[in-house]
Amino acid sequence: MKSRQLALSLYRLSGILLAFAIAFWPAAASAGGASFPGQWQQVARGTGVCAACRVDIRRSGPVLRLSGKDGWVAVVHVGAGGSGNSAEGIGRWSEGDASHYGGKPFDIRVAIVNKHLYMDMLVRMDDGSTRAIRAIFDKRRSEKSGRLRLARM
């Protein structure tokens, strides 16, 4: 009887340890992979390049806070898509933004591919439609970066 209880306790303990390993895997995987935090300069966008557009990314554990120079903020979770090189979350454009995005919520996905940050933002408009904003960022601006093309995400 005691051996059965011991086996059951060990089985439960191994389940708990497995759950912790799965929960903390994205943070561990991202630590050795891509580095999200820092200033990212836009190098390509669906409507052209914006030389003044930048994204600042700060890390707090598996959560990243993104803020765009053009008036938006987002919070994303690293590894939500199953990889330490990607993050998904939500955000909102500033209420004071003069564009048609002012105050609008959005879903956002960022991924690092070949040292570039790919961003895919889906903004929810008042009429229920969504508008996609896609851009590529680099931590260091180079003349070669103008040749980048947006990938379909």
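Just so it is clear, the model here is predicted, and its values are computed rather than measured.

Parameters at a glance
- Residues numbered from 1 in each chain as written.
- Predicted model: local features only at pLDDT ≥ 70, side-chain atom pairs only at ≥ 80, totals over all residues.
- Heavy atoms only, no water.
- Helix = DSSP H or I, 4+ residues; strand = E, 2+ residues; numbered from the N terminus.
- Polar contact = N/O pair within 3.5 Å; in protein donor to acceptor, adjacent residues only side chain to side chain.
- Pairing = 2+ DSSP bridges.
- Axes fitted to C-alpha atoms, helices over the stretch in contact; angles between N-to-C directions.
- Salt bridge = Lys/Arg side-chain N within 4 Å of Asp/Glu carboxyl O.
- Buried < 20%, exposed > 50% of the residue type's maximum accessible area, 1.4 Å probe, protein only.

### What about the side chain of Q41?
Looking at where Q41 falls in the secondary structure, it is placed in strand β1 (residues 38-45). At 3.4 Å, the side chain of Q41 forms a polar contact with the backbone oxygen of C53.

### A look at the sheet that holds β1
Strand order in this closed barrel of 8 strands is β1-β2-β3-β4-β5-β6-β7-β8, and the pairing throughout is antiparallel. Strand-to-strand twist in this sheet, taken as the mean axis angle between neighbours without regard to direction, amounts to 30°. Sheet topology note: the strand β4 (residues 72-78)/strand β5 (residues 86-93) ladder contains 7 bridges and is antiparallel. Note that in β5 the partner of V78 across the bridge is A87.

### Thoughts on the pattern of salt bridges
In total, this model carries 4 salt bridges according to the counting rule given. Linking R58 and D56 is a salt bridge whose minimum nitrogen-to-oxygen distance equals 3.0 Å. For R58, a relative accessible area of 55% translates into the label exposed. Exposure remark for D56: the relative accessible area of 15% places this residue in the buried category. Residues R124 and D107 are paired through a salt bridge, measuring 3.1 Å at the closest nitrogen-oxygen approach. Residue R124 is found in strand β7 (residues 116-124), and its partner D107 is found in strand β6 (residues 105-113); the two are separated by 17 residues along the sequence. Residue classification places R124 among the partly exposed residues on the basis of a relative accessible area of 35%. Judged by relative accessible area, D107 falls into the partly exposed class, the value being 35%.

### Considerations on the pairing of β7
Two faces belong to every sheet, and in a regular strand the side chains alternate between them. With 7 of its 9 residues buried, β7 lies for the most part within the structure. Two elements, β6 and β7, share 8 bridges in a ladder whose sense is antiparallel. From the neighbouring strand, A111 faces β7, where its bridge partner is Y118. Connecting β6 to the antiparallel partner β7 that follows it, the hairpin turn spans 2 residues, and N114 within it adopts a positive phi of roughly 50°. Bridge count between β7 and strand β8 (residues 130-138): 9 bridges; the pairing is antiparallel. Residue pairing for β8: D120 is matched across the bridge by R134. Between β7 and β8, which follow one another and run antiparallel, lie 5 residues, and G128 among them has a positive phi close to 95°.

That's the geometry; what it means functionally is another story.
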